[in-house]
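Architecture and fold: a report
This is what each chain is made of:
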Amino acid sequence: MSIRLQLLMVALTTLVLPWAGCQYARELETALRSSQEQSLLASAGTIANALSAQPQRVFHDAGDTQAFSAGAGDLYVYPLVTQPLLDGYREDWDVPAEPTALPTTTGYRARLQAGSTEGFLYLFIEVRDSHFDAEPNNVRPDTDRFDRVNLALDGPNGRETYFFGTDAPGLIAAQSVVRGEDGVDRVAAEPRIQAFWLQAAAGYQLEARIPLSFVGRHLWVEALDGRGKGRAGFAADSAAGGRLFFATAGLDSLLETFIGDGTLATVIDANALKLGSAGSVVSKTRAETESSEPIWYRYFLDVDTSEMPILSMAPDHLSGESVGSALVGHPHAQWVRGDNRGEILLMAAAPIMIDGHLHGAVVLQQAADQLLALRDRALSRLFNLTLIATAAAVIIMFTFATWLSLRIGRLRDAAESAVGSDGRIQLTMPESASADEIGSLSRGFERLLARLNEHAQYLRTLGGKLSHELRTPLTIVRSSLDNLESEGLRDDQRRYITRAREGTQRLQSILSALGAAARVEESIKQSERVNFDLRELMICAVAAYRDGFPAAHFALQTPEDACFARGAPDLIVQLLDKLIENAVDFCPKEGTVTVRLERVQASYCLQVANDGPLIPEALMGRLFESLFEQRRGGDDKPHFGLGLYIVRLIAEFHGGTAVAANRDDDSGVVFTIMLPLI
Amino acid sequence: MKKQIAIVEDEPALRENYAAALARHGYSIKTYGNRRTAMQAFKTRCPDLAIIDISLEDEAEGGFDLCRDLRALSAELPIIFLTARDSELDAVSGLRLGADDFLTKDVSLPHLAARVAALFRRIDALRRPDNAAEIVRRGALSIDGEKMQTTWDGVPVTLSLTEFWIVHALAKNPGHVKNRQQLMDAANVVLDDNTITSHIKRVRRKFQQVDAAFDAIQTVYGMGYRWVE
């Protein structure tokens, strides 16, 4: 992994800042939540206290403490906002609840719902009865059988009973049996109780309107089928009857004075039935001004709400943990999920105690949106700041790393090319002036290179020095042998002398080879450049090689016209000598040494190729170094690796290059010398 | 009377070997280890021929100084440099100082003796009247094999002994290519190819000083040289 990548990864650890910000935001939210809980709970408690001081404005009948029982016919009277039209439909009541079914033992199904405005009690009765039995004329309610709904009211003058029946659907009035002065019961219409009978395919719907002055605490409703024994509801003479539970008139406006925007306040009685409510969880001002566009990073920090209970939204009563807790006397706050679009609500309930008895509770609901807004504002700033900081850190780190790796790269490049292909050593390294570790590394390289250079220098001159220093003792040996020979020797003595002479001869040629590089370098320095015909030179030279190496096959390819070049022809011949010697050494007996000259753009390309063993890849770049010899030729001549070094020196003297390569088809090797035209 | 040869060489073993070999050829030998003692002796009696090493004891170029001083004593005295130093520069310097030959220590004793004999023969020949039979003429060139003198268009060209023998070998058979080995044999030297090349170069230059258009020695690449008329 590159330094750049490493530092980039290190820089990415600054992402811990936004993460820490998230944690902080979560804590902030938790703190805000609990403070909101506290404040809402306090508000609920305050309202509850205020309401308990004026129970008559809150409770219809503060004395009634018997629990609400739907089974016993108890009925919640929905407060109606507008006066409904008497038309047999309850859609205009705007009550989101279904009517409650009346108890039946016969399978005759009827449902009942009650609502009230300021002056009237409305009843809606829906009966499943596929056959309409009309009310006969001059009805005798005791004996006649027809579809009817009996109604009994706890009026101011005792229990009054009425019935609804009709011979034709439409607007009707309630009827009652009135015992006349003559003691005979007669049916009389009660025009103040009006109803609308709507006949439908499955049955009929009856919407009745009763002035509140007729209505007492209890109510009995019974639907009877005109044929058969179907009946549902409570007979007027049954003891149970249904109690009516009204919302408290005026409580809504009273509550309105307690609450602020964005809060829904509900007062319930001990049965959790709604007595009144005011406000809304949706803030009027905020709903308009704030876009609900989700901020993307909310995704990362939304508090897990799946464990929160879902708020149940019954139209007539409230439920939930906090309501339950308040109705046993303990104030309680709880977070719940709203039923639509996952909004979070805070619900706080406080009991209303009157004279030490629990009578109901105040329930406040507030959206958590305000919290979110606060949190988002804090988070937005935090996020933006930390992201900018992170980005800056990453950019700075990356730039720094790039700079660093650039410097190291420069140093590496310099180190790689410090020892050139010609063995010359570049002694100065980049960055050595820097005071940091890279600078010191560079200086370390420089010291190393200086020592390497000294060593290389020593090696370069070693050959010349050796050949010089050994020459005198060798001459002593040889001149002694010369003298000895002229003393007149026996044949056996002469034999040893001859061997000693051969030895000195070999030593002589070794010394000569050792000093050759130095001599060539010197003669190159003194060479004069002349114009000469490279083609003619090569033709002559190859002819000479054919004589010199009769065992080898030579092939010569040259351009047809003269190839004038400027340089030292003697040196070029020497270069050719070395290449040919090398090629002949490695060329197998039946192989061919190919010498080729051609013009390639602005250069002459001089190639000496031979069949035979390939050059190992590892040696490829080092063949032209001084004193480098890895290849073994076919003879026993000493190889000091100077031949190709001399080739390179001569090529470079002419401004050219020397390259060795294996043939593409691996059949042999090619040495290519590029020489510039003139 | 025996010819007297002075050998100035700081290496005793070598000095004695040379002395013994030359004494066998009938010369009287005087040996010196350094420039000071040699010069003192030369002032008393000048030898007939001097063989001098370049570096003498603590003087790296003592031989050059000695050559200069000796040449001041006698203009005709043959001087041979015999040294382990084989650089081109040394050879040029030595010959410029008026030495008659410049040999590296690779030379064998018989070769050395041949040179010494050749130089004495030249001295003798110079004292005798011209012997036309020994003169080789090739166009503008005339070579006196006896006196080892070379002229081009009548103008003397001063060649060292080695150079003279190279020119002699080439000019004797014009048009024939002489390879380096043949030239070495002719000059009684063992040299490497580069040294032959530089000898040829020097010879050409010397002739060109007399005649700028000189072009008689031709290089045959890969083979050697030939004399063209």
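**Digging into the overall build of chain A**
Regarding its fold elements, chain A presents 12 helices and 24 strands. For chain A, with 678 residues in total, the buried portion stands at 32%.

**Quick look at the overall build of chain B**
Broken down by element type, chain B carries 8 helices and 12 strands. In chain B, which comprises 229 residues, the proportion classed as buried is 42%. Across chain B, contacts joining residues at least 24 apart in sequence account for 56% of those joining residues at least 6 apart.

**Remarks on helix α9 (residues 491–525) of chain A**
Residues and elements named next belong to chain A. Its 35 residues place the ends of α9 49 Å apart at the C-alpha level, agreeing with the 51 Å of an ideal helix rising 1.5 Å per residue. Along α9, the sharpest change in direction is near 45 degrees and occurs at Ala516. For α9, the complete set of buried residues consists of Leu514, Gly515, Ala516, Ala517, Arg519, Val520 and Ser523.

**Overview of the confidence of the model for chain B**
The predicted coordinates should not be examined in detail at positions where pLDDT is low. Overall, the prediction assigns chain B a mean pLDDT of 86, with 96% of residues at 70 or greater. With a pTM of 0.53, the predicted complex shows an ipTM of 0.80.

**A closer look at the interface of chain A and chain B**
Taken together, the contact between chain A and chain B spans 26 residues of the former and 25 residues of the latter. Mapped onto the side of chain A that touches chain B, the elements with two or more residues apiece are α8 (437–486), α9, α10 (534–548) and α11 (569–586) of chain A. If one sorts the elements of the side of chain A that touches chain B by residue count, α8(A) sits on top with 11 residues. Among the residues making up the side of chain A that touches chain B, the classes are represented as 9 nonpolar, 11 polar and 6 charged.

**Examining the sheet that holds strand β15 (residues 332–337) of chain A**
Residue and element names in this part refer to chain A. With antiparallel pairing, 5 strands are arranged side by side in an open sheet as β14-β13-β17-β16-β15. A single partner strand is all that each edge strand has here, and the edge strands are β14 (274–279) and β15. Neighbour-to-neighbour, the strand axes of this sheet turn through a mean angle of 20 degrees, independent of strand direction. Pairing of strand β16 (residues 344–354) with strand β17 (residues 357–367), which is carried by 10 bridges, proceeds in the antiparallel orientation.

**Considerations on the sheet that holds strand β11 (residues 217–220) of chain B**
All names here are of chain B. Spatially, the 3 strands line up as an open sheet ordered β10-β12-β11, and their pairing is antiparallel. Where the open sheet ends on each side, the last strands, each with one partner, are β10 (178–179) and β11. Direction of pairing for β10 relative to strand β12 (residues 224–227): antiparallel, over a ladder of 2 bridges. Directly across from Asn179, in β12, lies its bridge partner Gly224.

**So, the environment of B:Leu95**
All names here are of chain B. Within the secondary structure, Leu95 is located in helix α4 (residues 88–96). A sequence separation of 64 residues divides Leu95 from Leu159, and the C-alpha atoms of the two residues are 9.1 Å apart. Ignoring any residue separated from it by four or fewer positions in sequence, one finds Leu95 in contact with Phe102 and Ser160.

**Considering the nonpolar core**
Counting 84 residues, the largest nonpolar core has A:Ala361 and A:Val362 as the members making the most contacts within it. What A:Ala361 contacts, discounting residues up to four positions off in sequence, is A:Ala48, A:Ile268, A:Val323, A:Ala326, A:Leu327, A:Ala349, A:Ala350, A:Pro351 and A:Ile352. In terms of nonpolar packing, the next biggest core, distinct from the first, is built from 61 residues, B:Tyr32, B:Leu70, B:Met148 and B:Leu170 among them.

**Concerning the environment of B:Asp10**
Residues and elements named next belong to chain B. Following the sequence through the fold, Asp10 ends up in the loop between β1 (4–8) and α1 (12–24). You can call Asp10 partly exposed: it has 19 C-beta atoms within 10 Å. Once you skip the residues sitting within four places of it in the chain, Asp10 turns out to touch Gly33, Asn34, Asp53, Leu56 and Glu57.

**Considering unusual backbone geometry**
For A:Asp355, which is not a glycine, the phi torsion comes out positive at approximately 50 degrees. Here A:Asp355 is to be found in the loop between β16 and β17. Taking the C-beta count within 10 Å as the criterion, A:Asp355 has 8 such neighbours and is therefore assigned exposed. With a phi angle near 55 degrees, B:Met148 is a residue other than glycine that sits in the positive phi range. Position of B:Met148 relative to the elements: it lies in the loop between β7 (141–144) and β8 (149–152). Looking at B:Met148, the number of C-beta atoms within 10 Å reads 22, which means it is buried.

**Considerations on the pairing of strand β1 (residues 75–79) of chain A**
Residue and element names in this part refer to chain A. A large share of β1 lies buried, amounting to 5 of its 5 residues. Burial along β1 is two-sided: the residues Leu75, Val77 and Pro79 and Tyr76 and Tyr78 are all buried. One ladder, built from 3 bridges, connects β1 with strand β12 (residues 242–246); its direction is parallel. Opposite Val77, over in β12, you have Phe246 as the bridge partner. The pairing of β1 with strand β3 (residues 110–116) spans 3 bridges and is parallel. Along β3, the bridge assignment pairs Tyr78 with Gly115.

**Examining the packing of α8(A) against α1(B)**
Remark: α8(A) packs on α1(B), axes separated minimally by 9 Å, with the N-to-C direction vectors making an angle of 30 degrees. In terms of their interaxial angle, α8(A) and α1(B) are classed as roughly parallel. For the element pair α8(A) and α1(B), the recorded crossing hand is left-handed. Across the interface between the two elements, A:Thr472, A:Thr475, A:Ile476, A:Ser479, A:Ser480, A:Asp482, A:Asn483 and A:Ser486 of α8(A) pack against B:Ala13, B:Leu14, B:Asn17, B:Tyr18, B:Ala20, B:Ala21 and B:Arg24 of α1(B). Considered class by class, the residues forming the contact of α8(A) with α1(B) number 6 nonpolar, 7 polar and 2 charged.

**Remarks on helix α12 (residues 643–653) of chain A**
Residues and elements named next belong to chain A. For α12, the buried fraction is high: 9 of the 11 residues fall into the buried class. Listing the buried residues of α12 in full gives Gly643, Leu644, Tyr645, Ile646, Val647, Arg648, Leu649, Ile650 and Ala651. Residues of α12 that are buried sit in contact with α9, α11, β23 (657–662) and β24 (668–676). Phi for Gly655, located one or two positions after α12, is positive at around 75 degrees.

**Structural notes on the packing of helix α2 (residues 35–44) of chain B against helix α3 (residues 62–73) of chain B**
Residues and elements named next belong to chain B. The contact between α2 and α3 brings their axes to 10 Å, and the two run at 10 degrees. On the basis of the axis angle, α2 is roughly parallel to α3. Across the interface between the two elements, Arg35, Ala38, Met39 and Phe42 from α2 touch Gly62, Asp65, Leu66, Asp69, Leu70 and Leu73 from α3. When grouped by side-chain class, the residues that make up the contact of α2 with α3 number 6 nonpolar, 1 polar and 3 charged.

**Topic: the pairing of strand β22 (residues 603–611) of chain A**
Residues and elements named next belong to chain A. Here 8 bridges tie strand β21 (residues 592–600) to β22, and the two strands are oriented antiparallel to one another. Note that in β22 the partner of Val593 across the bridge is Asn610. Linking β21 to β22, which pair antiparallel, is a turn of 2 residues; within it Gln601 sits at a positive phi near 50 degrees. Two strands pair when backbone bridges link them, and β22 and β24 are joined in this way by 9 bridges, in the antiparallel orientation. Paired with Asn610 across the strands is Val669, a residue of β24.

**Describing the environment of A:Val139**
Residue and element names in this part refer to chain A. Its place among the elements puts Val139 in the loop between β4 (120–128) and β5 (148–155). Of the residues examined, Val139 has 17 C-beta atoms within 10 Å and is grouped as partly exposed. Distance from Val139 to Arg186, taken between C-alpha atoms, is 9.0 Å for residues 47 residues apart in sequence. Excluding its chain neighbours within four sequence positions, the residues that come into contact with Val139 are Asp144 and Val187.

Parameters at a glance
- Residues numbered from 1 in each chain as written.
- Chains lettered and ligands numbered in written order.
- Predicted model: local features only at pLDDT ≥ 70, side-chain atom pairs only at ≥ 80, totals over all residues.
- Helix = DSSP H or I, 4+ residues; strand = E, 2+ residues; numbered from the N terminus.
- Buried ≥ 20, exposed ≤ 12 C-beta atoms within 10 Å, placed from the backbone.
- Contact = placed C-beta atoms within 7 Å.
- Expected span 1.5 Å × (residues − 1).
- Bend = angle between axes of the 7 residues up to and from the residue.
- pLDDT = per-residue confidence, 0-100.
- Nonpolar A, V, L, I, M, F, W, Y, C, P; charged D, E, K, R; others polar.
- Pairing = 2+ DSSP bridges.
- Axes fitted to C-alpha atoms, helices over the stretch in contact; angles between N-to-C directions.
- Core = buried A, V, L, I, M, F, W, Y, C linked by C-beta atoms within 7 Å.
- Parallel < 35°, antiparallel > 145°, perpendicular 65-115°, else oblique.
- Left-handed = near helix turned anticlockwise from the far one by under 90°.

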